[in-house]
Amino acid sequence: MDKTMGLRQAISTYLSDGDTVALEGFGHIVPVAAAHEIIRQGFTDLVLARMSCDVIVDQLLGANCLKGLISSFIANSSAGSLHELRRRIEKSDPEPLWFDEYSHGGMVARYQAGASKLPFQPIASYRGSDLAAKNPQIKSVPDPYGGPDIHVVPALNPDLSIIHAQRADRHGNVQAWGMLGIQTEAAFAGRRLIVTVEEIVDEAVIRSDPNRTIVPAHVVDAVVVIPRGSHPHSVQGYYDRDDEFSRQWSALARDAGAVQNWIEAHIRGTNDHDEFLAALGSDHFERMAIHDAYSTPVNYGGRA
Amino acid sequence: MTLSAHDTIGAQAREETAGSEAARGGAAGSETAASKSAGSQVTSSELLTVHSARALAGRNVVFAGHGLPTLAVSLAQHTVAPDVEIVYESGVTGARPPVMPRSISDSILVPGAASVMPMTHLFNYVLQGQRIDVGFLGAAQVDRYGNLNSTLIGEDWEHPDSRLPGSGGAIEAMAGAAEIFLVMRRHTPRTFVESLDFVTSPGPKKAAEAKAGAMPAGAGVTHVITDLGIMTRFARDEELTLTAVHPGVDPAEVVRQTGWNLKVSPGIETTQPPTPSELALLRETLDPTRIYLR
């Protein structure tokens with residue numbers, strides 16, 4: 001079954017106002033283009049699940065798409081603060097943000113429970129942390145096997161999960177390499193799943209290396225080809241990270257008006273990701289070029 | 001601002017407070033009192049890196065962020081701990097990057113690495129699974145028992161004066177690693193406090209006082225390395241004790257710069273300054289373009 005689809009159609013088909021949407025990717029293969037399309041289509045009252053925040057969280061907040069955030073790290077990776085997010089939390093400016101906060105281990109456990117269709121997952125690290133006091137969703141339960149009480153976190157099952165990857169076939173068998181974060185668990189935990197990829201490849205390419213597949217086709221609702229869909233984050237083997245962009249964002253977003261102007265000019269003022277990229281300038285991507293470093297092929301064998 | 005972020009997990013908090021908001025006016029990039037008195041040009045970053053590296057003697061598996069902890073582990077590989085390896089929060093082990101990584105999620109860490117684990121493996125099997133000897137952390141605040149705050153500054157949790165990055169994986173590192181090394185660039189009463197505004201990552205004493213949950217596997221913070229000296233604690237209920245000061249630093253000054261009545265070891269020592277070979281390794285081999293040494 002051919003699941004390829006344009007980004008505009010995929011987002012409008014599988015996302016609704018008020019949904020919980022997971023956008024995962026740990027500083028690498030991040031579905032940035034998909035986040036921008038959510039802004040273009042003007043979705044509101046979304047709850048965003050994202051372990052490690054980055055520029056797209058500030059952008060979705062500035063565009064008034066979000067009523068809530070589920071996260072475990074709310075800085076702009078190593079590039080500084082996310083000031084739109086800080087204004088919301090520190091000053092309720094322009095309005096309060098519902099923030100459901102965990103540690104990374106807690107988020108991993110939530111996605112695992114969600115992917116496994118379990119109600120909750122035990123976690124060993126919260127004893128004595130004020131995080132457990134701040135968040136009533138972090139509870140403790142008796143160990144039925146006689147050990148001491150143990151903390152648990154609830155399953156996370158987003159209405160829609162979106163991940164980005166290097167490549168997929170038209171059926172939706174998704175291959176990724178490099179840092180894989182929590183993408184497989186987020187994919188299985190989602191009630192619906194959109195995968196954006198750098199390129200669609202022939203099924204034979206996927207089948208030549210099946211261990212590289214992180215999400216099988218039966219989990220996927222839509223496959224969207226969107227080159228440079230992770231910028232300013234890297235895609236292993238395709239392009240490098242744009243640290244300057246991320247740093248400039250942390251400077252720009254100190255000014256709430258500048259965030260609004262940027263969203264108008266670069267997101268709402270462009271029709272799609274190609275136009276977004278073009279507006280950055282044709283030479284913008286030269287510094288993100290990389291050189292090749294191929295793995296040695298493995299022998300999958302076959303019966304003689 | 002940002003490429004100086006180094007510490008680690010959860011503790012870009014420290015970068016945050018150091019960089020802009022809470023704790024201006026520190027010594028990053030400047031000569032320390034110690035180095036001045038020694039008559040050399042050792043920077044604060046070099047001093048902290050060298051002492052972090054020396055403390056890794058006998059350790060093998062280290063959970064660390066990019067920047068200073070990565071430099072410290074690299075230096076230890078060349079000196080006191082040839083077999084020591086870094087595990088990054090991004091899941092990479094045994095990285096051999098040709099240049100210094102710009103963050104723990106920098107793709108340059110992947111080519112030539114020994115493994116890249118998904119986060120489920122890193123958090124469940126490596127950290128919670130107690131495979132880490134030493135975790136490097138930073139923090140916005142630390143108290144006398146080595147409890148750490150990387151979440152917020154202020155009294156109102158819902159509307160803090162300054163919202164910091166949060167835990168990241170710091171809670172899991174504290175709970176699962178056998179011991180934690182805390183690196184603090186600026187030893188001041190605003191960072192070494194009597195009472196934390198928020199306990200992000202509790203040490204085992206704090207955990208034991210709580211009512212429920214699994215007890216942490218590790219000893220908590222055992223070493224605190226700052227621009228003024230080194231504090232250690234080893235038993236669960238033990239306070240941090242000043243065990244060494246850098247050359248030219250008066251122990252009384254360290255006590256003044258600490259927000260609680262800091263214990264001073266009767267046998268307090270003076271740290272050995274970075275040696276010419278340690279400095280040569282850092283400056284000429286490990287970080288020749290001074291991305292992190294500043």
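Model, not experiment: these values are computed from the prediction.

Engineer: Just checking my understanding: could you explain the overall build of chain A for this structure?
Structural biologist: Regarding its fold elements, chain A presents 11 helices and 12 strands. For the C-alpha atoms alone, the extent of chain A along its principal axes is close to 60 × 50 × 35 Å. Split into buried and exposed, the 304 residues of chain A put 53% on the buried side. Considering only contacts in chain A between residues 6 or more positions apart, those separated by 24 or more positions represent 74%.

Engineer: Explanation requested: the confidence of the model for chain B in the structure shown.
Structural biologist: Note that predicted coordinates carrying low pLDDT should not be read in detail. All names here are of chain B. For chain B, per-residue confidence averages 87 on the pLDDT scale, and 86% of positions sit at 70 or higher. Between residues 1–39, whose pLDDT stays under 50, and residues either more than four places distant or in other chains, the model counts 132 contacts. Model confidence for the complex: the whole-complex pTM is 0.93, and ipTM, which rates the interface, is 0.96.

Engineer: What's the story with unusual backbone geometry in this structure? I'm lost.
Structural biologist: As a rule of thumb, non-glycine residues mostly have phi less than zero, and peptide bonds are mostly trans rather than cis. All names here are of chain A. Of note, the amide linkage connecting Asp-93 to Pro-94 takes the cis form, showing an omega dihedral of 0°. Relative to the helices and strands, Pro-94 resides in the loop between helix H4 (83–91) and strand S4 (98–101). Omega for the bond connecting His-231 with Pro-232 falls within 30 degrees of zero, at 15°, which places this linkage in the cis form. As for its placement among the helices and strands, Pro-232 is situated in the loop between strand S12 (222–225) and helix H9 (243–252). One non-glycine residue, Ser-92, lies in the positive phi region at around 50°. Within the secondary structure layout, Ser-92 lies in the loop between H4 and S4. Given 12 C-beta atoms within 10 Å, Ser-92 falls into the exposed group.

Engineer: Help me understand H9(A) in this model?
Structural biologist: An α-helical turn contains 3.6 residues, so a residue and the one three or four places further along point in the same direction. When H9(A) is considered as a whole, its buried residues turn out to be A:Asp243, A:Ser246, A:Trp249 and A:Ser250. Down the axis, H9(A) shows its buried residues gathered within 125° of arc, on one side only.

Engineer: I'm lost on the sheet that holds strand S7 (residues 150–154) of chain A in this one. Help?
Structural biologist: In any sheet, the strands associate via hydrogen bonds between backbone groups, in a parallel or an antiparallel arrangement. Residues and elements named next belong to chain A. Taken together, the three strands give an open sheet; going across it, the order is S5-S7-S6, and neighbouring strands pair in antiparallel fashion. Where the open sheet ends on each side, the last strands, each with one partner, are strand S5 (120–123) and strand S6 (139–141). Strand-to-strand twist in this sheet, taken as the mean axis angle between neighbours without regard to direction, amounts to 45°. Two elements, S5 and S7, share four bridges in a ladder whose sense is antiparallel. By the bridge assignment, Gln-121 is partnered in S7 with Val-153. Contacts from helix H5 (residues 104–116) reach S5 and S7, with the element oriented near 145° to S5.

Engineer: When you look at the interface of chain B and chain A in this model, what are you seeing that I'm missing?
Structural biologist: You'll often see interface size given as the accessible area lost when the parts meet. In this assembly, 50 residues from chain B lie in contact with 50 residues from chain A. Every element with two or more residues in the side of chain B that touches chain A is listed here: helix H1 (12–19), helix H5 (119–127), helix H6 (170–176) and helix H7 (204–209) of chain B. Of the residues in the side of chain B that touches chain A, the class split is 24 nonpolar, 19 polar and seven charged.

Engineer: Looking at this structure, I do not really get the domain arrangement of chain A. What am I missing?
Structural biologist: Residues and elements named next belong to chain A. Domain boundaries in chain A define domain 1 (7–103 + 157–288) and domain 2 (126–154). Taken together, the contact pairs four residues of domain 1 with five residues of domain 2. A per-class count over the side of domain 1 that touches domain 2 returns one nonpolar, one polar and two charged.

Engineer: Looking at this structure, I do not really get the packing of helix H2 (residues 32–40) of chain A against helix H10 (residues 256–268) of chain A. What am I missing?
Structural biologist: For any two helices packed against each other, the geometry is given by the interaxial angle and the distance between the axes. Residue and element names in this part refer to chain A. Axis separation between H2 and H10 bottoms out at 10 Å; the angle between their running directions is 105°. As summarised for this structure, H2 and H10 are arranged roughly perpendicular, according to the angle between their axes. Counting all contacts with H2, which are made through His-36, Ile-39 and Arg-40, the residues of H10 involved are Ile-263, Ile-267 and Arg-268. Partitioning the contact of H2 with H10 into residue classes produces three nonpolar, one polar and two charged.

Engineer: When you look at the environment of A:Ser208 in this model, what are you seeing that I'm missing?
Structural biologist: Tracing the backbone through its elements, the reader meets A:Ser208 in the loop between helix H8 (203–207) and strand S11 (213–215). With 92 residues separating them in the primary sequence, A:Ser208 and A:Tyr300 have C-alpha atoms 8.4 Å apart.

Engineer: Whenever I open this one, the pairing of strand S13 (residues 241–245) of chain B confuses me. Can you help?
Structural biologist: Each regular strand carries side chains that alternate between the two faces of the sheet. Residue and element names in this part refer to chain B. Sheet topology places strand S12 (residues 229–232) next to S13; four bridges connect them, and they run antiparallel. Bridge assignment links Ile-230 to a residue of S13, and that residue is Ala-244. Taken together, the four bridges between S13 and strand S14 (residues 263–270) define a ladder with parallel strand orientation. Note on S14: the bridge partner recorded for Val-245 is Thr-270. Between S13 and its parallel partner S14, the chain crosses via helix H8 (residues 251–256), and the hand of that crossover is right-handed.

What counts, and at which threshold
Residues numbered from 1 in each chain as written. Chains lettered and ligands numbered in written order. Predicted model: local features only at pLDDT ≥ 70, side-chain atom pairs only at ≥ 80, totals over all residues. Helix = DSSP H or I, 4+ residues; strand = E, 2+ residues; numbered from the N terminus. Buried ≥ 20, exposed ≤ 12 C-beta atoms within 10 Å, placed from the backbone. Contact = placed C-beta atoms within 7 Å. pLDDT = per-residue confidence, 0-100. Arc of directions from axis to C-beta. Pairing = 2+ DSSP bridges. Axes fitted to C-alpha atoms, helices over the stretch in contact; angles between N-to-C directions. Nonpolar A, V, L, I, M, F, W, Y, C, P; charged D, E, K, R; others polar. Domains from an automatic or database assignment. Parallel < 35°, antiparallel > 145°, perpendicular 65-115°, else oblique. Right-handed = clockwise from strand over helix to strand, strands pointing away.

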